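# Chain and residue survey
Read off the chains here:
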Amino acid sequence: MTHDHPAAPDRGASRPFGRLLTAMVTPFAADGSLDVDGAVRLAAHLVDEQGNDALVLNGTTGESPTTTDAEKETLIRAVVEAVGDRARIVAGVGTNDTRHTIELAASAEKAGAHGLLVVTPYYNKPPQSGLLRHFTAVADATGLPIMLYDIPHRAGVAIATDTLVRLAEHGRIVAVKDAKGDLTATSWVLSRSDLAFYSGEDSLTLPTLAVGGVGLVGTSTHFTGAQAKQMIEAYDAGATATALALHRRLLPLFTGIFRTQGVILVKAGLAAQGLPAGPVRPPLADATTEELAQLRADCAAAGLELPE
């Protein structure tokens, strides 16, 4: 039998971006152009209805590979203006070109972003010394706090524990979106630095909290946000049985949203709810009828209803 425990001390000071963040999709119009009004409405929904403390714009879930630099800046400006008074806006600026990343960081800062998400340079597989230089150069070039994004299964290279510990010495590198799936490595970094770790994998949020993480940057949280935040808050309050029950309840959607590329199913689900989403841009492909039916089943299994 699991017992709830007395409230743990508040670690709020070490949560630079709050507890719950969603990597927001970028709504497009039917012709594939940027839907700025839709983005504003979706951002308000995620903050006001789903309980997000912050939103990540222009991440992979925001289809950053196929949006232009100008579209990225337009999106940040619009969302900051709409919800920036009640949520922190974190701009994805990471590329596999240090110079381009610095340009995007400057653009995001100018557009009013509150923080930056910088992914490991992908495909060109730099050595750890190159990663150290890359992240340091970006941090040196901006006044904004930075969340590193460690996702080796996409980037092709992990940020090593020693590299993360060294990067933590930079005053503006404050957090990690951890999609490495290696809680031992995470534990070592947390024991040797004061970086705030956010789970980058919805289903690993609770175990990440257990080793000292502070929250989640989610994808399924377009739908599960309120409950995921409740889970994090329950764990923080020492109500571990409640947190575990919520983890188990939400698991079908924490994992189901990734049956295909996450943005595909998020956009299909949002459209079913009558929320702004629109199509995905090639080379992604919109959800099939079968994929949408499976998403409905996964939602139902998690106790959430997706309208027919």
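In what follows, the accompanying structure is described. All chains use their own residue numbering, which begins from 1 and follows the written sequence. Local features in this predicted model are restricted to residues of pLDDT 70 or higher, and side-chain atom pairs are both shown and tallied only at a pLDDT of 80 or more, whereas totals for entire chains, interfaces and linings draw on every residue. Water and hydrogen atoms play no part in the side-chain values, which are based on all heavy atoms of the structure.

On to empty space enclosed by the protein, then. To find leftover empty space, a probe the size of one water molecule is rolled over the atoms. Two kinds of site are reported from a 1 Å grid over the protein atoms alone, namely cavities, where a 1.4 Å probe fits but cannot get out, and pockets, open sets with protein on both sides within 12 Å along at least five of seven lines, and residues are called lining when an atom falls within 4 Å of a point. Grid points are joined across faces, edges and corners, and a volume is the space filled by probe spheres set on the points. For the coordinates displayed, the defined rule picks out one cavity of 30 Å³ or more. Roughly 50 Å³ of volume is contained in the largest cavity. As for the largest cavity, its lining consists of Asn-58, Asp-69, Lys-72, Glu-73, Ile-76, Ala-91, Gly-92, Val-93, Leu-104, Ser-107 and Ala-108. Each helix corresponds to a stretch of at least 4 residues labelled H or I by DSSP, and each strand to a stretch of at least 2 residues labelled E; elements are numbered beginning at the N terminus. Counting residues per element, the ones that place at least two in the lining of the largest cavity are α2 (69-83), β3 (88-92) and α3 (98-110).

Looking now at the nonpolar core. In this description, a nonpolar core means a group of buried Ala, Val, Leu, Ile, Met, Phe, Trp, Tyr and Cys residues linked to one another through side-chain atoms lying within 4.5 Å. Note on exposure labels: buried denotes an accessible area under 20% of the residue type's maximum, exposed denotes more than 50%, and partly exposed covers the range between, all computed with a 1.4 Å probe on protein chains only. With 62 residues, the main nonpolar core has Met-24, Leu-55, Val-79 and Leu-116 as its most contacted residues. Looking at this core, the element that brings in the most residues is helix α11 (residues 262-272), giving six residues. In what follows, a contact means two residues having at least one pair of non-hydrogen atoms within 4.5 Å. With near-sequence residues (within four places) excluded, Leu-55 lies in contact with Thr-22, Met-24, Ala-43, Leu-46, Val-47, Val-79, Val-83, Arg-88, Ile-89 and Val-90. Within the second largest apolar cluster, 17 residues are counted, among which are Leu-117, Ala-179, Ala-196 and Tyr-198.

Right, let's get into the pattern of salt bridges. Salt bridges are counted wherever a side-chain nitrogen of Lys or Arg sits within 4 Å of a carboxyl oxygen of Asp or Glu. Summed over all chains, the structure comprises 12 salt bridges. The closest approach of N and O atoms between Glu-63 and Lys-267, which form a salt bridge, is 2.7 Å. A residue pair is termed long-range when its members are at least 10 positions apart, and Glu-63 in the loop between β2 (54-57) and α2 and Lys-267 in helix α11 qualify at 204 residues. In this structure, Glu-63 and Lys-267 share a single accessibility class: buried. Among the ionic pairs, Glu-73 bridges to Arg-77, the shortest N-O distance being 2.9 Å. In this pair, Glu-73 and Arg-77 both sit in helix α2, four residues apart, roughly one turn of the helix. Bridged by salt links that share partners, the residues Arg-15, Arg-19 and Asp-236 form one connected network.

With that settled, the discussion passes to the pairing of β2. Every second residue of β2 is oriented toward a common face, with Ala-54 and Val-56 on one face and Leu-55 and Leu-57 on the other, all of them buried. Strands were regarded as paired on the criterion that DSSP finds at least two bridges between them. Of the pairings in the sheet, the one linking strand β1 (residues 20-23) to β2 comprises three bridges and is parallel in character. Paired with Ala-23 across the strands is Val-56, a residue of β2. Of the crossover connections in this fold, the one passing from β1 over helix α1 (residues 36-48) to the parallel β2 is right-handed. Orient the strands so they point away from the viewer, and a crossover whose first-strand-to-second-strand path over the helix runs clockwise is right-handed.

Attention now goes to the packing of helix α9 (residues 221-236) against helix α10 (residues 240-256). Every angle, taken between N-to-C directions, lies between 0 and 180 degrees, and every axis is a line fitted to C-alpha atoms, over only the stretch in contact when it is a helix. Running from N to C, α9 and α10 cross one another at 155°; their axes reach a closest spacing of 8 Å. The orientation of α9 relative to α10 falls into the category roughly antiparallel. Seen along the crossing, α9 lies across α10 with a hand that is left-handed. Side by side, α9 and α10 meet where Phe-223, Thr-224, Gln-227, Ala-228, Gln-230, Met-231, Ala-234 and Tyr-235 of the first sit next to Thr-240, Thr-242, Ala-243, Leu-246, His-247, Arg-249, Leu-250, Leu-253 and Phe-254 of the second. Taken together, the residues of the contact of α9 with α10 break down into 10 nonpolar, six polar and one charged. Roughly parallel here means an angle under 35 degrees, roughly antiparallel means over 145, roughly perpendicular means 65 to 115, and every remaining angle is called oblique. Handedness of a crossing follows from how the near helix is turned relative to the far one, being left-handed for an anticlockwise turn of less than a right angle and right-handed for a clockwise one. Charged means Asp, Glu, Lys or Arg here, nonpolar means Ala, Val, Leu, Ile, Met, Phe, Trp, Tyr, Cys or Pro, and polar covers whatever is left, Gly included.

With that settled, the discussion passes to the sheet that holds β2. Ordered in space as β1-β2-β3-β4-β5-β6-β7-β8, the eight strands form a closed barrel in which the pairing is parallel. The mean angle between the axes of side-by-side strands here comes to 25°, regardless of whether they run parallel or antiparallel. When β3 meets strand β4 (residues 115-119), the two strands line up parallel, connected through three bridges. Along β4, the bridge assignment pairs Gly-92 with Leu-117. With respect to the sheet, helix α4 (residues 128-141) is in contact with β4, β5 (146-150) and β6 (173-178), its orientation differing from that of β4 by roughly 165°.

Of the volumes computed, that of the largest pocket is approximately 410 Å³. Taken together, 21 residues form the lining of the largest pocket, with Thr-60, Ser-64, Gly-94, Val-119 and Tyr-122 sitting closest to its centre. Looking at the lining of the largest pocket, the elements that each hand over two or more residues are α2, α3, β4 and α5 (152-155). For the lining of the largest pocket, the residue count by class is nine nonpolar, nine polar and three charged. Taken as a whole, the second largest pocket encloses approximately 300 Å³ of empty space. Along the wall of the second largest pocket there are 19 residues; nearest its centre are Tyr-149, Ile-151, Arg-154, Gly-200 and Phe-258. Among the residues making up the lining of the second largest pocket, the classes are represented as eight nonpolar, eight polar and three charged.

Looking now at α9. Here a helix's expected span is defined as the number of its residues, less one, multiplied by 1.5 Å. The end-to-end C-alpha separation of α9 is 19 Å, well short of the 22 Å expected for 16 residues at 1.5 Å each. Where α9 bends most, at Gln-227, the angle is about 40°. Most of α9 is tucked away, with 12 of its 16 residues classed as buried. Among the residues of α9, those classed as buried are Thr-221, His-222, Phe-223, Thr-224, Gly-225, Gln-227, Ala-228, Lys-229, Met-231, Ile-232, Ala-234 and Asp-236. On the buried face of α9, the contacting elements are β1, α1, α8 (205-210), β8 (215-218), α10 and α11. At any given residue, the bend is defined as the angle formed between two axes, one fitted to the seven residues that end at that position and one fitted to the seven that begin there.

Nothing here speaks to function; it is all geometry.
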